[in-house]
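Descriptive analysis of the structure
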Amino acid sequence: YHSNDDSFLVIAHRGASAQYPENTMPAFKGAVEMEAEMIELDVMMSSDGVPVVFHDARLDDHSDGKGLLKDYTLRELRTLDVGSWFSEQYRGEKMPTLEEAIEFASGKIALNIEIKTEAVSDELHGGVEEKSLELVKKYGMEDHVIFSSFDYRALEHLKKLDPAIPVALLYNRSESENMSPLELVRKYGVDAFNCSYNQFKKKWSRELKEHNIPHFIYTVDQPRRMRRLLSAEVSGIFTNKPDLLKEVATEFQE
Ligand code: G3P
Ligand code: MG
């Protein structure tokens, strides 16, 4: 990932998660097979301080576990089944560690590592940024990664740890204090602006483009919405269906 690269990015949201259980290795392999340019995944900490890939604070909906992820050690989390809620075919699929996902991606595909902090216990707070960044460096993925978070303290922390590491702000209207995307990007010293389809205003696109701020919109699975964003020349789209977005995007190639 380079912020001066203006090619459009197909970003597999939690992997190719329309066809595979979200945030699992099969979903990440699917994204590579569908030739997505980037995989988005969500990261939290186990109770013993290991970054793992999972979206929800609670285990109940997308695994056979119960309660809060942050209360379990890595060893306990690794006994859970994160596949069969999606389909019998994926029974026994294990929750990936961030390290496993980075090792898989290195040399193959870029990553958007979204840091989820709501579910991290207080004593581990801050550690998730440090450890995730360390892993990115261990696998030489610095040029193929972008971090993001709805928690702006996490963004500032990442930039303090390494000002050169690309970071995107996840927009939240209620926390934006009426600031424009450009103002928010400047206030938090980040490199890119990520926003939901519903909150994104088409007019923002021009201002962001004028200032060379990449902007990525989530989560879009409908061709009509994909076309609307492609014609606004957004920098990339998060989708659960990277194969479909790839196909739609060919209509816009010069
Ligand atoms: O990073 C984009 C998107 O994933 C943010 O929302 O809830 O899907 O993690 P969520
Ligand atoms: Mg996410």
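From a predicted model like this one, the values you see are computed outputs, not experimental measurements.

Analysis parameters
- Residues numbered from 1 in each chain as written.
- Chains lettered and ligands numbered in written order.
- Predicted model: local features only at pLDDT ≥ 70, side-chain atom pairs only at ≥ 80, totals over all residues.
- Helix = DSSP H or I, 4+ residues; strand = E, 2+ residues; numbered from the N terminus.
- Buried ≥ 20, exposed ≤ 12 C-beta atoms within 10 Å, placed from the backbone.
- Contact = placed C-beta atoms within 7 Å.
- Near = placed C-beta within 6 Å.
- Nonpolar A, V, L, I, M, F, W, Y, C, P; charged D, E, K, R; others polar.
- Core = buried A, V, L, I, M, F, W, Y, C linked by C-beta atoms within 7 Å.
- Pairing = 2+ DSSP bridges.
- Right-handed = clockwise from strand over helix to strand, strands pointing away.
- Axes fitted to C-alpha atoms, helices over the stretch in contact; angles between N-to-C directions.
- Parallel < 35°, antiparallel > 145°, perpendicular 65-115°, else oblique.
- Left-handed = near helix turned anticlockwise from the far one by under 90°.

**Digging into the overall build of the protein chain**
- For the protein chain, the count of helices and strands is nine helices and nine strands.
- If you line up the protein chain on its principal axes, its C-alpha atoms span 50 × 40 × 35 Å.
- Here the protein chain holds 254 residues, and the buried ones make up 45% of them.
- Once local pairs closer than 6 in sequence are excluded, the contacts in the protein chain between residues at least 24 apart make up 57%.

**Brief notes about unusual backbone geometry**
- You will see that Arg14, though not glycine, has its phi angle at about 60°, which is positive.
- Residue placement: Arg14 occurs in the loop between β1 (9-13) and α1 (25-33).
- Although it is not a glycine, Glu233 sits at a positive phi angle of roughly 60°.
- For Glu233, the position within the fold is in the loop between α8 (223-231) and β9 (236-239).
- The class of Glu233 is partly exposed, set by 14 C-beta atoms lying within 10 Å.

**Overview of the site of ligand 1**
- Every residue close to ligand 1 is listed here: His13, Glu40, Asp42, His55, Glu114, Ser148, Leu170, Asn194, Tyr218 and Phe238.
- Across the shell around ligand 1, the residue classes tally to three nonpolar, four polar and three charged.

**Some points on the nonpolar core**
- With 71 residues, the main nonpolar core has Ile11, Ile39, Leu111, Ala168, Phe193, Ile217 and Ile237 as its most contacted residues.
- A total of six residues in this core trace back to one element, the largest contributor, which is strand β2 (residues 38-45).
- Not counting the four nearest positions on each side in its chain, Ala168 is found in contact with Ile146, Ser148, Val190, Asp191, Ala192, Phe193, Asn194 and Phe216.

**Some points on the pairing of strand β8 (residues 215-218)**
- Along β8, one buried face is formed by His215 and Ile217 and the opposite face, lined by Phe216 and Tyr218, is buried too.
- As paired strands, strand β7 (residues 192-196) and β8 are joined by four bridges and run parallel to one another. What sits directly across from Phe193, in β8, is His215.
- Tracing the backbone out of β7, into helix α7 (residues 202-210) and back to the parallel element β8 gives a crossover that is right-handed.
- Pairing geometry for β8 and β9, over two bridges, is parallel. Paired with Phe216 across the two strands is Gly236, which belongs to β9.
- On the question of chirality, the crossover connecting β8 to the parallel β9 by way of α8 is right-handed.

**Here we look at the packing of helix α3 (residues 98-105) against helix α4 (residues 127-138)**
- It is at 10 Å that the axes of α3 and α4 come closest, and there the two elements cross at 30°. Classified by the angle between their axes, α3 and α4 sit roughly parallel to one another. In this structure, α3 crosses over α4, and the sense of that crossing is right-handed. Where α3 abuts α4, its residues Leu98, Glu99 and Ile102 lie against Ser132, Leu135 and Val136.

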